[in-house]
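Understanding the architecture of this molecule
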Amino acid sequence: MTGHATTSSSTSPAVGRALDILLHLAGRSRPVRVAALARDLGIPRSSAYHILNVLVDRGFVSYVPKEQAYGLGVASFEIGSAYLRHEPLERLARPILRTLAARLGQTVHLGVLYGAETVYLLKERPPSGWSADVDGALVTDIGVRLPAHLTASGRAILAYSPPAQVRALFPRPGDLVTRTGKGPRSLTELLALLEQDRERGWSEEVELVSEGFRSVGVAAFDHNALPVAALSSTWRRHYSRHEEEYVRDVLRQGAARLTAAVSGRAP
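Because the structure is predicted, anything quoted here is derived from the model rather than measured.

Grouped together as the largest cluster of nonpolar side chains are 26 residues, with contacts concentrated most on L110, L231, L251 and L258. Among the secondary structure elements, those contributing two or more residues to this core are helix 6 (87–104), strand 3 (108–114), strand 4 (117–124), strand 7 (213–221), strand 8 (227–236) and helix 11 (244–261). Ignoring anything within four residues of it in the chain, the contact list for L231 reads I96, L97, L100, H109, L110, V216, G217, V218, L251, G254, A255 and L258. Counting residues in each nonpolar core, the second largest holds 19 residues, with V32, I43, I51 and L55 among its members.

Structure (structure tokens):
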């Protein structure tokens, strides 16, 4: 990383170092202290402080007082999400979603994070046997945004995001809104749910988005083993063509295919 910093900083040291800092933080699962950051990147500590202060002011980095360390901020998430909304990710994911929808006989989605919201990029219906009244009841159409902490896709991505980044996305208790009166009401509760999701490798919501429906989501990862998107499927809570375990396994297989397609790796 130090050699990269020298090359990228040859014409504009401050810009190059700022980008190196962002890439360094993106590759870490926990917030990083200034001393460690300066040492790893081979830059003066005073320069690191100055650049970090600018990045914090712009929202690209967040400071965690309790740990006296820095992690990525909301603006960095927004840029990453904007990139992922471009056609390449959708083009790679579309045939995978088509296969999953056919195997499950129910709708499958591709979702990404945009700030503290889930944005649905793709929605693939099964070729046949899908009830129009069920599909019409779903709110997860392409382009729809929903609170990430309520959706299976959003939780699947948040589960593998550093806690400092989750705190930056939900800085106030009022950010944890509900749609059906259900769902996490505090950051502590949300972080506990995300830890559970991370340990089991998938996320689930039951009637948090719409009454009578449930969803399961599984994350796909980039080359740094960080979540870039999630595959999810939604069905009526009291009616399913398959056991939930089968749905999870199919989504896991699809997420693994997408991870491989973007040259990523699982944590």
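Here the narrative resumes, following the displayed structure.
Right, let's talk about the sheet that holds strand 7 for a bit. Strands pair in a sheet through their backbones, by hydrogen bonds, and they do so in one of two ways: parallel or antiparallel. Strand order in the open sheet formed by six strands is 5-4-3-8-7-6, and the pairing between neighbours is antiparallel. Looking along the sheet, the strands with just one partner apiece sit at the ends: strand 5 (145–147) and strand 6 (203–206). Averaged over all pairs of adjacent strands, the angle between their axes in this sheet comes to 30°, without regard to strand direction. Direction of pairing for strand 3 relative to strand 4: antiparallel, over a ladder of seven bridges. Note on strand 4: the bridge partner recorded for V108 is E124. Together, strand 3, strand 6, strand 7 and strand 8 form the strand contacts of helix 11, whose direction differs from that of strand 7 by roughly 30°.

Moving on: the packing of aromatic side chains. Two descriptors summarise a pair of aromatic rings, namely the distance from one centre to the other and the angle between the planes of the rings. Enumeration over the complete set of coordinates arrives at two aromatic pairs. Seen from their ring centres, Y63 and Y70 are 4.9 Å apart, and the 50° between their planes marks the pair as tilted. Take Y70: its relative accessible area is 7%, and that puts it in the buried class. Centre to centre, the rings of Y160 and F221 are 4.9 Å apart; their planes meet at 85°, and the pair counts as edge-to-face. Remark: F221 occurs in strand 7 and Y160 occurs in the loop between helix 8 (152–158) and helix 9 (163–169); sequence separation between them is 61 residues. What makes Y160 partly exposed here is its relative accessible area of 21%. For R200, the ring lying beneath its charged end belongs to W202, and the centroid distance is 3.8 Å.

Topologically, G201 is positioned in the loop between helix 10 (187–200) and strand 6. Taking the C-alpha atoms as reference, G201 lies 8.8 Å from A159; in sequence the two are 42 residues apart. Excluding its chain neighbours within four sequence positions, the residues that come into contact with G201 are Y160, V218 and R252.

Here the focus is the environment of V177. In this fold, V177 is placed in the loop between helix 9 and helix 10. With a relative accessible area of 38%, V177 lands in the partly exposed category. Linking V177 and H149, residues 28 residues apart in sequence, is a C-alpha distance of 8.7 Å. Discounting chain neighbours no more than four positions away, the residues touching V177 are P147, H149 and L150.

Reading guide: rules and limits
Residues numbered from 1 in each chain as written. Predicted model: local features only at pLDDT ≥ 70, side-chain atom pairs only at ≥ 80, totals over all residues. Heavy atoms only, no water. Core = buried A, V, L, I, M, F, W, Y, C linked by side-chain atoms within 4.5 Å. Buried < 20%, exposed > 50% of the residue type's maximum accessible area, 1.4 Å probe, protein only. Helix = DSSP H or I, 4+ residues; strand = E, 2+ residues; numbered from the N terminus. Contact = heavy atoms within 4.5 Å. Pairing = 2+ DSSP bridges. Axes fitted to C-alpha atoms, helices over the stretch in contact; angles between N-to-C directions. Phe/Tyr/Trp six-rings, centres within 6.5 Å; stacked < 30°, edge-to-face > 60°. Lys NZ or Arg CZ within 6 Å of the ring centre and 35° of its normal.

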